[in-house]
Amino acid sequence: MPKILIIDDEPGILYSLRTALESDTTAVVTAQNARLGLAAVAREKPDAVILDVRLPDMSGLDAFDRIRQSDPRLPVVIITAHGGTDTAIEAMKRGAFEYLLKPVDLHQLDEVVSKAFELRRMQATPAVFDEPEAPGEGDNDQIVGRCPAMQEVYKAIGKIAPQDVTVLILGESGTGKELVARALYQHSKRVEKPFVAINCAAIPDTLLESELFGHEKGAFTGADRQRVGKFEQADGGTILLDEIGDMSPATQAKVLRVLQNQQFERVGGNETITTDVRVIAATNQNLEEMVTAGKFRQDLFYRLNSFTIQLPPLRDRGGDVGLLVTYFLGEANRKLGKQVRGIDPAVLVALESYKWPGNVRELQNAIRYAVVQATGEVLTVDCLPGNVRGGTAARPPVGLDIMVLVADLLRAGNTDIYRQVSQVVDRAMLSAVLEHSRGNQSQASELLGISRTTLRAKLQLLGLGVEKHVRPADPTPPTPDPAAAVPAAD
């Protein structure tokens with residue numbers, strides 16, 4: 001469970017923020033001054049910190065510096081009641097994660113904290129190559145595979161990671177590009193410095209440049225204060241530009257300048273800012289074809305293409321499906337609280353016969369789905385998503401499915417009807433809303449009327465994966481066994 005530390009001397013602020021953030025999936029620790037806060041950083045090992053810039057015993061900037069000395073990769077969110085304070089802006093320049101004004105918008109805070117937790121997970125959770133003795137039980141993310149193509153990937157990571165050079169990771173969606181980027185970071189000389197990941201496809205063109213390079217007050221409508229961008233925040237560390245093929249030409253030009261001389265200007269500014277950042281770029285697009293079509297800068301492509309790692313699609317990784325299934329089964333058991341220990345041989349035949357257009361991510365979602373559907377300790381073919389087991393029969397409308405399911409559960413004398421039906425409804429509803437929002441979890445949470453933290457918890461429970469679009473483990477609503485007891489999606 002991720003943990004957040006709130007350092008503020010106002011009891012009312014501590015109470016309101018704790019009430020807003022604390023949940024079954026988030027732990028909250030509070031401190032009323034800098035001294036207690038610094039002690040809590042050492043004692044509690046939080047995953048993120050919310051820090052007021054005005055504290056009774058120490059300035060916010062001094063407290064921030066002490067936190068950075070203790071843990072340079074810990075995301076710190078600055079909050080202040082003084083919008084023009086130079087202290088908060090200076091802290092952002094020194095690497096604070098975000099800067100929010102009081103009274104804090106709780107919906108915005110929830111979004112920021114979710115991003116901070118994700119950043120902490122990517123920085124702190126090792127992406128390792130060794131085959132685990134007990135799959136899914138270690139405190140790391142495994143890069144699993146023994147096929148010759150993956151062996152070449154491991155060799156490339158070993159050779160390139162220690163070198164302070166730009167890297168381009170190529171591969172279809174779901175092949176594990178982010179994991180490889182994290183492995184490059186964690187085996188680099190910059191491992192003690194920040195790691196920042198930006199999905200260029202998930203941020204509108206009008207906002208991506210500001211997100212990367214920051215902006216000056218008044219640079220555009222709504223720019224009511226100076227903002228420090230990710231290249232400035234990640235100074236000394238590594239930045240992952242995921243889906244770089246979706247970046248606009250104007251932003252490509254600024255990224256090229258950073259690669260050439262480590263300099264840029266904020267949007268609306270003329271001050272040249274120097275940074276020291278290693279760039280790792282990733283894309284599922286063919287950049288060479290995009291250059292020919294005039295959609296991607298040739299000079300930027302040449303800059304990125306010097307050191308390249310090509311990830312193979314799962315359909316070309318002969319023999320790796322069984323290894324991945326074993327690993328994801330252990331992972332799903334741990335996260336879902338299940339005890340599925342065996343796999344019917346027919347399941348492996350079905351999984352190895354499927355072409356996996358969504359690659360490793362789709363396989364992971366399929367195993368999570370199957371574990372949820374399993375009624376005993378063995379995965380059987382009927383637990384798999386319909387598209388994976390090859391079923392093509394037309395299904396009745398969702399509403400009719402629900403009525404049939406309820407009738408079946410009643411006939412079986414089941415006493416867990418609400419939970420099982422809720423899971424079916426949640427799966428259909430979340431898949432539809434995330435498809436509508438093209439995978440934008442912030443927009444989806446607004447449409448659903450729930451916090452993003454709640455949405456993420458539901459997605460994890462149901463095994464739904466989100467890319468640029470939502471990718472449900474099974475596009476059709478399931479029909480659970482009436483005797484099955486499935487955890488609620490509350």
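Everything in this summary refers to the structure shown in the same document. In every chain, residue numbers begin from 1 and rise along the written sequence. Reporting of local features is limited, given that this is a predicted model, to residues whose pLDDT is at least 70; pairs of side-chain atoms are given and counted only at 80 or more, and all residues count toward the totals for whole chains, interfaces and linings. Only hydrogens and water are set aside; all other atoms, that is, all heavy atoms of the structure, feed into the side-chain values.

### Looking at the overall build of the protein
Heads up, the rule is: To qualify as a helix, a DSSP run of H or I must reach at least 4 residues; to qualify as a strand, a run of E must reach at least 2; elements of each kind are numbered from the N terminus. Partly exposed describes any residue whose relative accessible area lies between the buried limit of under 20% and the exposed limit of over 50%, with all areas from a 1.4 Å probe on protein chains only and scaled to the type maximum. Two residues qualify as a contact provided that any one of their heavy atoms is within 4.5 Å of a heavy atom in the partner residue. Only the protein chains shown count as cover for residues, and all accessible areas are computed by the Shrake-Rupley method using a 1.4 Å probe.
Helices and strands together make up the secondary structure of the protein, namely 19 helices and 18 strands. When the 490 residues of the protein are sorted by exposure, 53% land in the buried category. Taking all contacts inside the protein whose residues are at least 6 apart in sequence as the whole, residues at least 24 apart take part in 71%. With an accessible surface of roughly 21,800 Å², the protein has 50% of that area assigned to carbon and sulfur atoms.

### A few points about the packing of aromatic side chains
Two measures describe an aromatic ring pair: the distance that separates the ring centres and the angle between the ring planes. Our working definition: Geometry of aromatic contacts follows a simple scheme: Phe, Tyr and Trp rings, the Trp one being its six-membered ring, pair when their centres are within 6.5 Å, and the pair is stacked under 30 degrees between planes, edge-to-face over 60, tilted otherwise.
Summed over all chains, the structure comprises seven aromatic pairs. Judged by centre distance (5.9 Å) and plane angle (45°), the rings of Phe301 and Tyr302 are tilted. Taking relative accessible area as the criterion, Phe301 reaches 8% and is therefore assigned buried. Through successive ring pairs, a cluster of aromatic residues spans Phe213, Phe231 and Phe264.

### Describing the packing of helix α6 (residues 148-160) against helix α7 (residues 177-186)
Rules: Throughout, an axis means a line fitted to C-alpha atoms (over the contacting stretch in the case of helices), and angles, computed between N-to-C directions, take values from 0 to 180 degrees. Each crossing gets its hand from how the near helix is turned against the far one by less than a right angle, where anticlockwise is left-handed and clockwise is right-handed.
Relative to each other, α6 and α7 sit at 35°, their axes nearing to 9 Å. The hand of the α6/α7 crossing is right-handed. Each of Val153, Ile157 and Ile160 in α6 lies in contact with α7, whose residues at this interface are Val180, Ala183 and Leu184.

### Overview of the nonpolar core
The criterion, for reference: Put simply, buried Ala, Val, Leu, Ile, Met, Phe, Trp, Tyr and Cys residues joined by side-chain atoms within 4.5 Å make one nonpolar core.
By size, the foremost hydrophobic cluster in this structure holds 30 residues, and its most contacted members are Leu212, Phe231, Leu241 and Phe296. Elements with a contribution of two residues or more to this core: β8 (167-170), β9 (195-199), α8 (205-213), β10 (238-242), α10 (249-261), β13 (278-283), α11 (287-292) and α12 (298-304). Counting residues per element, this core draws most heavily on α10, at four residues. Every residue in contact with Leu212, bar those within four places of it in the chain, is listed here: Ile198, Gly229, Lys230, Phe231, Ile239, Leu241, Met247 and Thr251. Ranked by size, the runner-up nonpolar core spans 29 residues in total, among them Val144, Leu324, Leu351 and Val372.

### Some details on unusual backbone geometry
In this chain, Lys102 is followed by Pro103 through a cis amide linkage whose omega measures -5°. With respect to the secondary-structure elements, Pro103 resides in the loop between β5 (98-101) and α5 (106-124). Despite not being glycine, Gln262 shows a phi value in the positive range, around 60°. Mapped onto the elements, Gln262 comes out in the loop between α10 and β11 (263-265). By relative accessible area, Gln262 is classed as buried at 18%. Within the chain, Trp356 stands out as a residue other than glycine whose phi angle is a positive 55°. Within the secondary structure, Trp356 is located in the loop between α14 (345-353) and α15 (359-373). We classify Trp356 as buried; its relative accessible area is 1%.

### So, the sheet that holds strand β1 (residues 3-7)
The criterion, for reference: Note: two strands are recorded as paired if DSSP finds a minimum of 2 bridges between them.
In space, the five strands of this open sheet follow the order β2-β1-β3-β4-β5, with parallel pairing throughout. The outermost strands of the open sheet, each flanked by one partner alone, are β2 (27-31) and β5. Neighbour-to-neighbour, the strand axes of this sheet turn through a mean angle of 20°, independent of strand direction. Strands in contact with helix α3 (residues 60-70) are β1, β3 (48-52) and β4 (76-80); relative to β3, the strand with the most contacts, it is inclined by about 160°.

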